[in-house]
Amino acid sequence: MTCAQCRELLDAYIDGELPGEDAAAVREHLASCAECAREHELLVATSRRIGETLVRYQAPDVLKARIRIALAQPDPLATETPSSKPVATRRLALGGLGIAIASSILTFAIVRNVSSDRSLTDEVVSSHIRALMPGHLTDVVSTNQHNVKPWFNGRVDLSPPVPSLDSAGFPLIGGRVDYVHGRTVPVVVYGRRQHLIDVYAWPDTREHRETDMSESARNGYNVIAWHAGGLSLEAVSDLNRPELEQFVKAFSAAR
Amino acid sequence: MPPKDIDRFERIVLPHLDDAYTLARYLLRDQHDAQDAVQDAVLRALRYFETYRDGDARAWLLTIVRNCCLTRQRRAQVERANISFVEDVDVAHEGRGTDARAIEQSERAALQRALDALPPEFREVIVLREVQGLSYREISDVVGVPIGTVMSRLARGRRRLASALGFDAQEAG
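Note that this is a predicted model, so its numbers are computed, not measured.

(A) Structural view of the overall build of chain A. From N to C terminus, chain A includes eight helices and eight strands. Across the 255 residues of chain A, 47% fall into the buried class. When contacts within chain A are restricted to residue pairs at least 6 apart in sequence, those whose partners lie at least 24 apart make up 64%.

(B) Looking closely at the overall build of chain B. Across its full length, chain B carries nine helices and zero strands. When its helices and strands are written in sequence order, chain B yields α-α-α-α-α-α-α-α-α. Within chain B, buried positions represent 39% of all 173 residues. Sequence separation of at least 24 residues holds for 67% of the intrachain contacts in chain B that already meet a minimum separation of 6.

(C) Layout of the packing of helix H8 (residues 136-143) of chain B against helix H9 (residues 147-164) of chain B. All names here are of chain B. Orientation of H8 relative to H9, taken along the N-to-C sense of each, is 100°, at an axis distance of 9 Å. One finds that H8 runs roughly perpendicular with respect to H9. Every residue of H9 that contacts H8 at Tyr136, Arg137, Ile139, Ser140 and Val143 is listed here: Ile147, Val150 and Met151. Counted by class, the contact of H8 with H9 contains six nonpolar, one polar and one charged residues.

(D) How the structure looks around the interface of chain B and chain A. Between chain B and chain A, the residue contacts involve 39 residues of the former and 39 residues of the latter. Looking at the side of chain B that touches chain A, the elements that each hand over two or more residues are helix H1 (3-13), helix H2 (17-28), helix H3 (31-47), helix H4 (57-82), helix H5 (86-102), helix H6 (106-117), helix H7 (120-131) and H9 of chain B. With eleven residues, the single largest contributor to the side of chain B that touches chain A is H3 of chain B. Taken together, the residues of the side of chain B that touches chain A sort by class into 20 nonpolar, four polar and 15 charged.

(E) Structural detail: the packing of helix H3 (residues 34-53) of chain A against H7 of chain B. Between H3 of chain A and H7 of chain B, the shortest axis-to-axis distance is 9 Å and the interhelical angle comes to 85°. Between H3 of chain A and H7 of chain B, the angle is such that the two are roughly perpendicular. Across the interface between the two elements, Ser47, Ile50 and Gly51 of chain A from H3 of chain A touch Ile126, Glu130 and Val131 of chain B from H7 of chain B.

(F) Seen up close, the pairing of strand E3 (residues 172-180) of chain A. Residues and elements named next belong to chain A. Note that E3 and strand E4 (residues 183-192) share eight bridges and pair antiparallel. Residue pairing for E4: Val180 is matched across the bridge by Arg183. Between E3 and E4, which pair antiparallel and follow one another directly, the connecting turn spans two residues, one of which, His181, has a positive phi of 55°.

(G) Spotlight on the nonpolar core. Ala20, Ala24, Val38, Ala41 and Val65 of chain B are the most contacted members of the largest nonpolar core, which totals 94 residues. Once you skip the residues sitting within four places of it in the chain, Ala41 of chain B turns out to touch Ala20, Leu61, Ile64, Val65 and Cys68 of chain B.

(H) Spotlight on unusual backbone geometry. Of note in the backbone geometry, Arg29 of chain B takes a positive phi value of approximately 60° without being a glycine. Judged by the 18 C-beta atoms lying within 10 Å of it, Arg29 of chain B falls in the partly exposed class.

(I) Summary view of the environment of Val124 of chain A. Residues and elements named next belong to chain A. Positionally, Val124 belongs in helix H6 (residues 118-132). For Val124, a count of 32 C-beta atoms within 10 Å corresponds to the buried category. Note: C-alpha distance between Val124 and Val180 (56 residues apart in sequence) is 6.8 Å.

Parameters at a glance
- Residues numbered from 1 in each chain as written.
- Chains lettered and ligands numbered in written order.
- Predicted model: local features only at pLDDT ≥ 70, side-chain atom pairs only at ≥ 80, totals over all residues.
- Helix = DSSP H or I, 4+ residues; strand = E, 2+ residues; numbered from the N terminus.
- Buried ≥ 20, exposed ≤ 12 C-beta atoms within 10 Å, placed from the backbone.
- Contact = placed C-beta atoms within 7 Å.
- Axes fitted to C-alpha atoms, helices over the stretch in contact; angles between N-to-C directions.
- Parallel < 35°, antiparallel > 145°, perpendicular 65-115°, else oblique.
- Nonpolar A, V, L, I, M, F, W, Y, C, P; charged D, E, K, R; others polar.
- Pairing = 2+ DSSP bridges.
- Core = buried A, V, L, I, M, F, W, Y, C linked by C-beta atoms within 7 Å.

Just geometry here; none of it tells us what the structure is for.
This is the structure:
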């Protein structure tokens, strides 16, 4: 075997992909050729270093949850990503997905709440619970805020905040439009472990101080309402109170 | 699709989600795009589940993931070429920036940069072999090229990374 032949087979040799006779021929050559042996060592070291250094990623919990939710639909294929079909907006084509928020294990919501208006909070909680039932679609699902925010254009008459909260541990999941209290409102959905978070937004119709914040609970769901940037916002979730507060804090700070 | 088929699909496909996400993450270099691509791929796999014959489920899923990633990249390129919005540029920068911050160690950073700089056809065989441990036959199936081509791409990719690691500095002269 010549050195050129040996070099050509070295990768397959270290990968254990050479047939027995070829491997034996390479081994024999390496034993008698110092230069090729050095090349062999170098290649082994390179391969080992690449394998040790490069990360093998784990699929994020939120991704697993999204997939489980999609597969739990009565007709999972109807929820296929809009990016594989003609879509209304070019931004949606970048990464939007239509999936259904269906599972009762997923329950994290932010809801626009006017604290003085109990019936509105009740409606918002009902809307959140409806969204958790099978068949209720999250209209756009994307982990990219630049896909979700423009999606609301033309669907609702206000532009809800869609901050990226990955670093705070609340990945964006998507958004939908809901009809609550005689109004079409945007709902932005975040995740926390196995929980979902919906965020509802209304125009602020009354005088509020930006620091005003109220908390309440309905049917086991926590609700936090606050005001920011001319909007009233409400969060509803079965997530524990401290973590929901943490979410609202991160959401407000990110604006 | 009957529930028992969905069950079978989940048993066969879902164990390979980490591999699917890893490949998408290296090909697209953005965690959000990678998540969207994997979800695309799983639903596409479900659509074509009838065509799956008992065999290498991982390679089958990775083939679909790879196609979804390529579709996504091609679409993004067309969009960027046709309409240039300032926001699109921001999206790209943000994604890479987040990844870059996560890379702390300098050697890992150097290797990652060298990997990112590889032509995609070299990068994918490196990831499939060195990170995911696929055989040449499996890589050949996933990428859709002959085994000989897998071999030569892997060899060239490794040698470029060896240079980046400084492993062959003494050989240079």
